[in-house]
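This is what each chain is made of:
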Amino acid sequence: MKFFLDTAHIEDVKELLPTGWVDGITTNPSLIAASGRKFLDVIAEMCDLIEGPVSAEVAATDYAMMLTEGRHLAKISGNVAVKLPLTMDGLKACYALTQEGTMVNVTLCFSAAQALLAAKAGATFVSPFVGRLDDVGHDGMALIQEICQIYAMHSFDTEVLAASIRHPQHVIQAAQRGADVATIPPKVIHQLLHHPLTDKGVELFTSDWKKTGQSIL
Ligand code: E4P
């Protein structure tokens, strides 16, 4: 299973790259707006830092402009995955861009029917938003499982990218249900790591080691 970092902050990427956990990055217009940075600069810097896919979302909502923006974004680097919304225009642009060899992440997926259409349009990734579904009383993880089953049954190459991850259980459940990728906010990555018994254990072993008066080197 791959982990993408869901962030628009270069510092997050630099901090977590040495862990070996970061296989790619996703951004969206809201994350870019919150960062206060220039979108194209952020994407170029991220592509320089990492070999894996860096998702960059178009701003346009009509097919022709999506295609123009997508081609512009794809020129930044070979590892840009153009992010397109799951609309008729978005899926047409997905089909055109993937035919040209550009990776596409079809975003804002909220149903298995939509995911099926994204796969038919040749999407590299489809992003079901589990947290936003949970927010409105639906079961985001059930959707992940449903899409994974359909894709496996019909041998679609599109990877299921669990997005809108809000807490560590989302990551564990996405892994259990067969998601190919989870895009995870840095805060949740840290939550995955920390356990109070680990901290307590390190503290105890460190103080007991000091009592031995020994040194390894
Ligand atoms: C990633 O591709 C999505 O844009 C992101 O996971 C959305 O998360 P949110 O629902 O917390 O905004």
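Residues numbered from 1 in each chain as written. Predicted model: local features only at pLDDT ≥ 70, side-chain atom pairs only at ≥ 80, totals over all residues. Heavy atoms only, no water.

**Student:** Please explain the overall build of the chain as it appears in this structure.
**Tutor:** Looking only at helices and strands, one finds eleven helices and eight strands in the chain. Judged by the C-alpha coordinates and their principal axes, the chain covers about 70 × 35 × 30 Å. A sequence separation of at least 24 residues applies to 56% of the contacts in the chain between residues at least 6 apart. Roughly 11,300 Å² of accessible area belongs to the chain as shown, and the carbon and sulfur atoms make up 57% of that amount. Here the chain carries 16 positive and 24 negative side-chain charges, and the mean point of each set is 2 Å from the other. (Helix = DSSP H or I, 4+ residues; strand = E, 2+ residues; numbered from the N terminus. Contact = heavy atoms within 4.5 Å. Areas by Shrake-Rupley, 256 points an atom, 1.4 Å probe, with all protein chains shown as cover. Lys, Arg positive; Asp, Glu negative; His and termini not counted. Charge placed at Lys NZ, Arg CZ, Asp CG, Glu CD.)

**Student:** What is the right way to look at the packing of helix α4 (residues 63–74) against helix α5 (residues 88–99) in this model?
**Tutor:** Two numbers describe a pair of packed helices, the interaxial angle and the distance between the axes. Two elements in contact, α4 and α5, have axes whose closest approach is 9 Å; the angle formed by their N-to-C orientations is 40°. As summarised for this structure, α4 and α5 are arranged oblique, according to the angle between their axes. Between α4 and α5 lies a crossing whose hand is right-handed. Residues Tyr63, Met66, Leu67, Gly70 and Arg71 of α4 touch α5, and the partners they reach there are Asp89, Gly90, Lys92, Ala93, Ala96 and Leu97. Here the contact of α4 with α5 is composed, by residue class, of six nonpolar, two polar and three charged. (Axes fitted to C-alpha atoms, helices over the stretch in contact; angles between N-to-C directions. Parallel < 35°, antiparallel > 145°, perpendicular 65-115°, else oblique. Left-handed = near helix turned anticlockwise from the far one by under 90°. Nonpolar A, V, L, I, M, F, W, Y, C, P; charged D, E, K, R; others polar.)

**Student:** For this particular structure, what's the right way to read the site of the ligand?
**Tutor:** Taken together, the neighbourhood of the ligand is formed by Asp6, Thr26, Asn28, Lys83, Phe129, Arg132, Ala163, Ser164, Arg166 and Thr183. For the ligand, an oxygen atom lies 2.7 Å from a polar atom in the side chain of Asn28. Burial of the ligand by the surrounding chains reaches 85%, relative to a free accessible area of 340 Å². The class makeup of the residues in the shell around the ligand is two nonpolar, four polar and four charged. (Near = heavy atom within 4 Å. Polar contact = N/O pair within 3.5 Å; in protein donor to acceptor, adjacent residues only side chain to side chain.)

**Student:** What's the story with helix α10 (residues 186–193) in this structure? I'm lost.
**Tutor:** For an α-helix, 3.6 residues make a turn, and residues three or four places apart therefore share a direction. For α10, the full list of buried residues reads Pro186, Val188 and Ile189. For α10, the angular spread of buried residues about the axis comes to 160°, placing them on one side. Against β1 (2–6), α1 (10–16), α9 (168–177) and β8 (181–184) lie the buried residues of α10. (Buried < 20%, exposed > 50% of the residue type's maximum accessible area, 1.4 Å probe, protein only. Arc of directions from axis to C-beta.)

**Student:** Where do I start with the packing of aromatic side chains in this structure?
**Tutor:** Centre-to-centre distance and the angle between the planes together describe a pair of aromatic rings. Counted under the stated rule, the structure contains three aromatic pairs. Considering the side-chain rings of Phe4 and Phe125, the 5.6 Å spacing of their centres and the 75° angle between planes classify their relative orientation as edge-to-face. Placement of the pair is Phe4 in strand β1 and Phe125 in strand β6 (residues 125–128), with a sequence separation of 121 residues. (Phe/Tyr/Trp six-rings, centres within 6.5 Å; stacked < 30°, edge-to-face > 60°.)

**Student:** Honestly, the pairing of strand β5 (residues 103–109) in this entry has me stumped. Any pointers?
**Tutor:** Note on strand geometry: in a regular strand, side chains alternate between the two faces of the sheet. With five of seven residues buried, β5 is to be regarded as a mostly interior element. As paired elements, strand β4 (residues 80–85) and β5 share five bridges and run parallel to each other. From the neighbouring strand, Val82 faces β5, where its bridge partner is Val104. (Pairing = 2+ DSSP bridges.)

**Student:** Help me understand unusual backbone geometry, please; the structure alone is not making it clear to me.
**Tutor:** Residues apart from glycine generally show negative phi values, whereas peptide bonds are mostly found in trans. Although it is not a glycine, Leu108 sits at a positive phi angle of roughly 60°. The residue Leu108 is located in strand β5 in this model. What makes Leu108 partly exposed here is its relative accessible area of 32%. In this structure, Ser164 is a non-glycine residue whose phi angle is positive, near 60°. Tracing the sequence through the fold places Ser164 in the loop between β7 (159–162) and α9.

**Student:** Before we go on, may I ask you to explain the UniProt feature "active site" (unreviewed entry) in the chain in this structure?
**Tutor:** UniProt feature "active site" (unreviewed entry): in the numbering of this structure it lies at Lys83. By the secondary structure assignment, Lys83 is in strand β4. (UniProt positions renumbered as here; feature names shortened; annotations may be inferred.)

**Student:** Would you mind going over the pairing of strand β3 (residues 54–57) with me for this structure?
**Tutor:** Here β3 shows a buried face lined by Val54 and Ala56 and a second buried face lined by Ser55 and Glu57. Bridging between strand β2 (residues 24–26) and β3 involves two bridges; their strand directions are parallel. When the sheet's bridge partners are listed, Ile25 is paired in β3 with Val54. Bridge count for β3 against β4 is four bridges, and the pairing is parallel. Directly across from Glu57, in β4, lies its bridge partner Lys83.

**Student:** Sorry, what's going on with the sheet that holds β5 here?
**Tutor:** The pairing of strands in a sheet happens through backbone hydrogen bonds and is either parallel or antiparallel. Strand order around the closed barrel formed by eight strands is β1-β2-β3-β4-β5-β6-β7-β8, with parallel pairing between neighbours. With direction set aside, neighbouring strand axes in the sheet form an average angle of 30°.

**Student:** When you look at a nonpolar patch on the surface in this model, what are you seeing that I'm missing?
**Tutor:** Together, Trp209, Ile216 and Leu217 make up an exposed nonpolar region whose accessible area comes to about 450 Å². Secondary-structure assignment places Trp209 in helix α11 (residues 196–212). (Patch = residues over 30% accessible without salt bridge, like charges linked within 9 Å, V, L, I, M, F, W, Y side chains within 5 Å. Salt bridge = Lys/Arg side-chain N within 4 Å of Asp/Glu carboxyl O.)

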